[in-house]
Amino acid sequence: MAYIKFWGVRGSIPTPGPQTNRYGGNTPCVELNYDGENFFILDAGSGIRALGLHLMSLGKPIKSHVFISHMHWDHIQGIPFFVPAFIPGNEFVFHGAQEADMNLEDILADQMNPVNFPVQIEVMASEFNFEPLYEGKYTIEGIKIETMYLNHPGYALGYKFYINDKAVIYISDNEPYPVFPETAQDSDNPDQMQIVEDNNQRLINFIRDAHILIHDAQYTPDEYKTKVQWGHSPYDYTVKVALEANVKTLVLFHHDPLHNDEFVDGMVDAARKVSWQAGSNMKIIGAQEGMELPLD
């Protein structure tokens, strides 16, 4: 049975503790199991540590592809604690967008250099391969995949996976266009407004008719006013584009470290209200560690 399982759903920094027990405090890691046996790993935040322990408990060789949305710490910081990566015979292929002046392997290895960490990436005894991705279409392990560059500092990719003829989309970190909304809205430059509209439409086209959309919804609308250009979305924008794209199920993701369980509950309720007021029956849920969503 194909399914999605969430191992880390928090943004920016791990936030363990009693106030985040229900939604979880680990940074992003999602398991995308596409046939009941084989799986992809989406991001390698601190949640990948628990995934690794689970995989070790199965007692068999592990082979998987790891898709990194971007190279900020909260999306790669779990790699040094991913136990299967230290076991000979296991195989992992890392995919992601590399920077113009630094390749994918060096970016991932840099967080484990001796200045930052006592164990270097070369000590990991599993087989590592690194395959950079760009915006485009790919087929990996027989699964059709599309990628799109997102509006986030540095190079960030959104991923669309076709599982059982259903589109599953993972957009962990993304910000509305334009970066400065009030500037664009007040502008007399039609070319600037067209660029904004085109970029927003590209996102809507990318997520259109998704069976499941996992999308950044870190901020409330009021919080976003003071965090423009930080690379994250307010929940109302996330709901709006999902509605325009006819998404079936929207998963609000990348919860802010300052938001406790009750606060996230309130954001989920507010997001549902936006959808209901638009006359939609789109399902909206908040991502929780341990949550599984079937794809069959």
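Treat the numbers as computed from the prediction; the structure is a model and nothing was measured.

Colleague: Would you mind going over the sheet that holds strand S4 (residues 63-67) in detail, with residue names and values included?
Modeller: In sheet architecture, strand pairing relies on hydrogen bonds along the backbone and comes in two forms, parallel and antiparallel. If you walk across this open sheet you meet the seven strands as S6-S5-S4-S3-S2-S1-S14, and the pairing is mixed. Single-partner strands in this sheet number two, and they are strand S6 (127-132) and strand S14 (292-294). The mean inter-strand angle of the sheet, taken between neighbouring strand axes irrespective of direction, is 20°. Direction of pairing for strand S5 (residues 91-96) relative to S6: parallel, over a ladder of six bridges. Within the sheet, the bridge partner assigned to Glu-91 lies in S6 and is Glu-127. Against the sheet, helix H1 (residues 47-57) contacts strand S1 (3-8), strand S2 (29-33) and strand S3 (39-42), and its axis sits at roughly 120° relative to S1.

Colleague: Would you mind going over the environment of Glu-292 in detail, with residue names and values included?
Modeller: Mapped onto the secondary structure, Glu-292 falls in strand S14. Sequence separation between Glu-292 and Ala-217 is 75 residues; the distance between their C-alpha atoms is 19 Å.

Colleague: Please set out the packing of aromatic side chains residue by residue, giving values where relevant.
Modeller: Taken as a whole and judged by the stated rule, the model has 15 aromatic pairs. Taking the centre distance of 5.3 Å and the plane angle of 80° together, the rings of Phe-67 and Phe-161 count as edge-to-face. Within this pair, whereas Phe-67 is found in strand S4, its partner Phe-161 is found in strand S9 (residues 157-163), the two being separated by 94 residues in sequence. Summarising the burial analysis for this pair, Phe-67 and Phe-161 share the class buried. Summarising the aromatic geometry, the rings of Phe-92 and Phe-128 are spaced 6.4 Å apart at their centres and angled 90° between planes, so their arrangement reads as edge-to-face. Taken as a pair, Phe-92 in strand S5 and Phe-128 in strand S6 lie far apart in primary sequence, 36 residues in all.

Colleague: Help me get a handle on the side chain of His-95, residues and values and all.
Modeller: Among the secondary structure elements, His-95 is positioned in strand S5. Classification of His-95 as buried rests on a relative accessible area of 0%.

Colleague: Go over unusual backbone geometry, please, and point to the residues and values.
Modeller: Leaving glycine aside, a negative phi is the common case for residues, and trans is the common case for peptide bonds. If you check the backbone angles, Glu-141 has positive phi at about 55° while not being a glycine. Considering the arrangement of structural elements, one finds Glu-141 in the loop between strand S7 (136-140) and strand S8 (143-149). In this structure Glu-141 comes out as partly exposed when scored by relative accessible area, which is 42%. Positive phi values are uncommon outside glycine, yet Asn-164 reaches one of about 50°. Secondary-structure assignment places Asn-164 in the loop between S9 and strand S10 (166-171).

Procedures and definitions
Residues numbered from 1 in each chain as written. Predicted model: local features only at pLDDT ≥ 70, side-chain atom pairs only at ≥ 80, totals over all residues. Heavy atoms only, no water. Pairing = 2+ DSSP bridges. Helix = DSSP H or I, 4+ residues; strand = E, 2+ residues; numbered from the N terminus. Axes fitted to C-alpha atoms, helices over the stretch in contact; angles between N-to-C directions. Contact = heavy atoms within 4.5 Å. Phe/Tyr/Trp six-rings, centres within 6.5 Å; stacked < 30°, edge-to-face > 60°. Buried < 20%, exposed > 50% of the residue type's maximum accessible area, 1.4 Å probe, protein only.

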